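Spelled out from the first residue to the last, the chains are:
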Amino acid sequence: MIEKIFVTEAAAKYDYTKEICDRAGLEPEFIRDDTAYRKEVERFLSDPVGQGKRHLLLDVFKGEFFRKCPGTKGKVCCNYYVIDQTTNCPFDCSYCFLQSYLNLRAIRFAVNVGDLFRELEAVFKKHRFVRLGTGELADSLALEPLTGFGSKLMNFAVEFPGVVLELKTKSAYVENLPDVHGKPGRGVIGWTMEPSHVVALEERGTATLDERLEASAIAAEKGYGIAFHLDPVVFFPGFEAAYLELVEEMFSRHRTLDWMSLAGFRYEPSLKGYVEERFPGSELLDGEFLRCSDGKYRYLFPERIRFFRRLVKKVKQLSPKTPVYFCMEDARTWDLVMGENALADPVLEPIFSREGNDEKQGM
Amino acid sequence: MVKFFYKNQIRTDDRFRFHRGDVPGNLVRSVEREGILLPLIAVAGEQPLLVDGYRRFDLLSEGDSVPVRQMRDEDAAVRAAVELNMLASPYSEMEKAGIVAVVHENAWMPEREILDKLLPRLGLKGCQSVLENCINVVDGLSSVLLNVLMAKKAPLKFAARLAGEFPEEQAALAGFFSGRRFSLSQMIQAYDLLVPIRKRDGATISVIIEKLKETKGDVIDALQRMRFPKTTGIRMKLGALLLPYREKLSFPPDFEGDAFRFSCRLKSPEQAVDCARLLHEISQDSSLFRFLSEYLDND
Ligand code: SF4
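Residues numbered from 1 in each chain as written. Chains lettered and ligands numbered in written order. Predicted model: local features only at pLDDT ≥ 70, side-chain atom pairs only at ≥ 80, totals over all residues. Heavy atoms only, no water.

Looking now at helix 14 (residues 269-283) of chain B. All names here are of chain B. The terminal C-alpha atoms of helix 14 lie 21 Å apart, and with 15 residues this matches the ideal 21 Å at 1.5 Å per residue to within 8%. By the burial criterion, the buried members of helix 14 are C275, L278 and I282. The buried side chains of helix 14 occupy one side of the element, clustering within an arc of 60 degrees when seen end-on. More than 90 degrees from the buried face of helix 14, the exposed residues found are P269, E270, R277 and H280. (Helix = DSSP H or I, 4+ residues; strand = E, 2+ residues; numbered from the N terminus. Expected span 1.5 Å × (residues − 1). Buried < 20%, exposed > 50% of the residue type's maximum accessible area, 1.4 Å probe, protein only. Arc of directions from axis to C-beta.)

As structure tokens, this is what we get:
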């Protein structure tokens, strides 16, 4: 998956850099910094997005790693915090917004994890409850065999009560994750789930659906909470039956999930060119879309509502205690699908009621 | 060094014909009236090889004498031509692609220099994918479609997409674009609609275009209807339902969020009474509410 490792001057002195290069069995190329990568490497790539995903750039990140998930204007926010330690991902999904979002094509991995842990410790001590993850600008476990970062972070985070750390992935790399039974914090492994048809067409390099389900069973045995994300829900001929069947499969493995999120496929206009150019067999843009008030394209509102209703009904039947929430949908969608006051449902308390900036009294 | 030559003393080579498409009228008039003022650029020799100025050269008569700036070799002549043209009249992206491809094909510059110097000099991003797009556009486009795109100053990315089409599809597109006298944005819009329709229907572009001949009205609208049949259906239904309340009752264009919006401007108390009557009428309009419950599957 990773064919070349580049090490910046700043990262060269870290032991972690050597550890990763040794595990990868690759001789690193030393470069001054990320600008040098852009000038000397990236611009000579004929498919910078695809080839960049096979380049790992070990670097040092000087800013803050921890931030609130930005959400989307006008959409209901789920109070999630994110850690930006890795940006970009070796997998290659047609719908991935990173294609048009990132300005560096290599996978940038910050090796100064000591700084990250110091920053997190201060945050965890200050807050009563924090739900956070690393999967906003990267897949949390895609590089696990090379970096072991997911395990390091999990080992650290679960020692803090009130911390819920989610590692979101489309891989099956859970074998080496630590056992978290009896820890004060909570470890959750979240999988993006798609019918096999979508996995095969739109998610290059990821684990198959069966492998993800299998991995979720292993993670549960190690004491992890399990989350599934039906995000993005892609409309294709026969999608309704495929997603309903998928939900059945999910709940045949796990009676209750820590949470489950739903989101229809949506895209910024800038993504279209990448899909057309890089994924000629993709069915992603075949549906009917309308430009919405936030500038993104979404499937027709009534179609989304109709399908989400069926999906949520099915989940409620199979697992009434699983909190189901929408990612990137507005309050009206919530009302129409879940019924009015759905946001006040106690089942959703772990997602919405305990805010990360809910500071401990007297501190 | 600038020297005068007769037209028939100058050699030509089609590799250097960077400009395609029609010659602008003002250039024709200027050459007719004044002859050639700005020297042509050529590789030095007894019979200089013309590198820059083909359109003006073609307008000359056999016996005309013209000023020629003579350069050491092809490489120097191309560089001088690029510099000059960038100053005189900036190239379109398609013309730039032509220059880059010809420089690359003839190895007048090493690839690295093309990326480092030529592309940025032409205002293009100095990266491999742009170089490849330039080459693909020149190699992959049929001359007919190339001319259509040149004439409309199509952007490189759009031209590169079309260059990937099979020759029959390119021929159909060239005929469609020029036959309908499309502007550049209409071409892009039409192509963006044609591609998914072709995929969905398992048809060819020429078959779709053939079908369009039967439709009346704006051809882009017709393509929109073909591409988005459900959206079109909803819009039409809505249009009919809202007709009696035109300008008072509207529906958000993206169908998101609130269902209907009612708006009116009140200038007098009498108007308020009228509006109240209208609102009452709307509330009694069963067809509207039937539509809403069907639309949102509201039980
Ligand atoms: S796994 Fe996630 S981050 Fe990686 S390519 Fe797919 S969508 Fe993007």
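Alright, that's what it looks like, and here's the rest.
Glancing now at the sheet that holds strand 17 (residues 297-299) of chain A. Residues and elements named next belong to chain A. Read across the open sheet, the three strands follow the order 15-17-16; overall the sheet is antiparallel. Either end of the sheet is taken by a strand with one partner, and the two such strands are strand 15 (266-267) and strand 16 (289-291). Bridge count for strand 16 against strand 17 is three bridges, and the pairing is antiparallel. By the bridge assignment for strand 17, L290 is matched with R298. (Pairing = 2+ DSSP bridges.)

This part covers the site of the ligand. Around the ligand, the surrounding shell consists of K53(A), C89(A), F91(A), C93(A), Y95(A), C96(A), L98(A), D139(A) and K170(A). Grouping the amino acids of the shell around the ligand by side-chain chemistry returns six nonpolar, no polar and three charged. (Near = heavy atom within 4 Å. Nonpolar A, V, L, I, M, F, W, Y, C, P; charged D, E, K, R; others polar.)

The next subject is the packing of aromatic side chains. The final tally for this structure, using the stated rule, is 28 aromatic pairs over all chains. Centroid distance Y16(A) to F109(A): 5.7 Å. Interplanar angle 70 degrees. Geometry classified as edge-to-face. With Y16(A) in helix 1 (residues 15-24) and F109(A) in strand 8 (residues 107-110), this residue pair connects regions lying 93 residues apart in the sequence. The exposure classification of Y16(A) matches that of F109(A), with both residues buried. Taking 6.3 Å as the distance between ring centres and 50 degrees as the angle between the ring planes, the aromatic pair formed by F177(B) and F182(B) counts as tilted. The same class applies to F177(B) as to F182(B), namely buried. Every member of this aromatic cluster is reached through a ring pair, and the members are F235(A), F236(A), F239(A), Y243(A), F265(A), Y267(A), F289(A), Y297(A), Y299(A) and F307(A). When the ring centre of F57(B) is taken as reference, the NZ or CZ atom of K7(B) above it lies at 4.9 Å. (Phe/Tyr/Trp six-rings, centres within 6.5 Å; stacked < 30°, edge-to-face > 60°. Lys NZ or Arg CZ within 6 Å of the ring centre and 35° of its normal.)

Okay, the state of the cysteines next. All names here are of chain B. Evaluation of the coordinates by the stated rule reveals zero disulfides over all chains. There is no disulfide at C127, and the cysteine sulfur nearest it, in C134, is 9.8 Å away. Given a relative accessible area of 9%, C127 falls into the buried group. (Disulfide = S-S within 2.5 Å.)

The next point concerns the sheet that holds strand 2 (residues 29-31) of chain A. Residues and elements named next belong to chain A. What the five strands build is an open sheet, ordered 2-1-3-8-6; its pairing is mixed. Looking along the sheet, the strands with just one partner apiece sit at the ends: strand 2 and strand 6 (86-87). Pairing geometry for strand 1 (residues 4-8) and strand 2, over three bridges, is parallel. Across the sheet, F6 pairs through a bridge with E29, a residue of strand 2. Contacts between helix 1 and the sheet are confined to strand 1, strand 3 (55-59) and strand 8, with strand 1 contributing the most and set at about 170 degrees to the helix. (Contact = heavy atoms within 4.5 Å. Axes fitted to C-alpha atoms, helices over the stretch in contact; angles between N-to-C directions.)

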